[in-house]
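What the coordinates show
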Amino acid sequence: QVQLVESGGGLVQAGGSLRLSCAASGRTTSGYAIGWFRQAPGKEREFSATISRNGDNIYYADSVKGRFTISRDNAKNTAYLQMNSLKPEDTAVYYCAAGPFTSTMRTPPYKVNYWGQGTQVTVSS
């Protein structure tokens, strides 16, 4: 079993930055692709970014491309999402997930083995 815990969310003004962390415990996540997803009130959970097991392959949703950067440190069993130039429409609960492949995280239905509990990001205008 893998437990994922997100942190780093909060309230930020439009144009600001936040860095989310996803810390894993229980087992190493080096054998999994990691994804970041978000869910705004009244909307479906949507893909934001994903990174392969060794970090060689990275994909972003068009809505965050050029503003968000996903990374991982397998030695620390932690993944990150650096979010810059935040917009009010980025407001959502952000979830990290571990799954078998980046390809199965990019479009629904998402194939994920483990989900974190989520962290709230609120961007004020």
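Structure: above.
Here goes a summary of the coordinates provided. (Residues numbered from 1 in each chain as written. Predicted model: local features only at pLDDT ≥ 70, side-chain atom pairs only at ≥ 80, totals over all residues. Heavy atoms only, no water.)

1. A few points about the overall build of the protein chain
Of the regular secondary structure elements, the protein chain holds 0 helices and 11 strands. Start at the N end of the protein chain and walk to the C end: the helices and strands fall as β-β-β-β-β-β-β-β-β-β-β. Taking 14 Å as the expected radius of gyration for a compact globule of 125 residues, we find that the protein chain reaches 13 Å, a close match to that expectation. Principal-axis analysis of the C-alpha atoms places the extent of the protein chain at approximately 40 × 25 × 25 Å. Of all 125 residues assigned to the protein chain, the portion counted as buried reaches 46%. Taking contacts inside the protein chain between residues at least 6 apart in sequence as the whole, the part at least 24 apart equals 59%. (Helix = DSSP H or I, 4+ residues; strand = E, 2+ residues; numbered from the N terminus. Rg over C-alpha atoms; globule rule 2.2 N^0.38 Å. Buried < 20%, exposed > 50% of the residue type's maximum accessible area, 1.4 Å probe, protein only. Contact = heavy atoms within 4.5 Å.)

2. Concerning the nonpolar core
Within the largest apolar cluster, 34 residues are counted, with the highest numbers of intra-cluster contacts made by Leu4, Leu81, Met83 and Tyr94. Among the secondary structure elements, those contributing two or more residues to this core are β3 (18-25), β4 (33-39), β5 (46-51), β7 (68-73), β8 (78-83), β9 (92-99) and β11 (119-124). It is β9 that provides the largest number of residues to this core, a total of 5 residues. Discounting chain neighbours no more than four positions away, the residues touching methionine 83 are Gly16, Ser17, Leu18, Leu20, Arg67, Phe68, Tyr94 and Val121. (Core = buried A, V, L, I, M, F, W, Y, C linked by side-chain atoms within 4.5 Å.)

3. Re the pattern of salt bridges
Under the definition given, this model contains 4 salt bridges. Its salt-bridge partner being arginine 38, residue aspartate 90 comes within 2.8 Å of it at the nearest N-O pair. Of the two residues, aspartate 90 is situated in the loop between β8 and β9 and arginine 38 in strand β4; the sequence distance between them amounts to 52 residues. With relative accessibility at 7%, the residue arginine 38 sits in the buried group. (Salt bridge = Lys/Arg side-chain N within 4 Å of Asp/Glu carboxyl O.)

4. Some words on unusual backbone geometry
With an omega of -5 degrees, the peptide bond running from proline 108 to proline 109 counts as cis. Structurally, the position occupied by proline 109 is in the loop between β9 and β10 (114-115). Backbone geometry places serine 85, a non-glycine residue, at a positive phi of 50 degrees. On the secondary structure map, serine 85 appears in the loop between β8 and β9. For serine 85, a relative accessible area of 41% gives the class partly exposed.

5. What about the state of the cysteines?
Going through the model one piece at a time under the given rule, you end up with 1 disulfide. Residue cysteine 22 pairs covalently with cysteine 96 via a disulfide, S to S 2.1 Å. Negative torsions about the S-S bond denote left-handed disulfides, and the value of about 65 degrees found for cysteine 22 with cysteine 96 makes this one right-handed. One end of the pair, cysteine 22, is in strand β3; the other, cysteine 96, is in strand β9, and 74 residues separate them in sequence. (Disulfide = S-S within 2.5 Å.)

It is worth stressing that arrangement in space is one thing and function is another; only the former is reported here.
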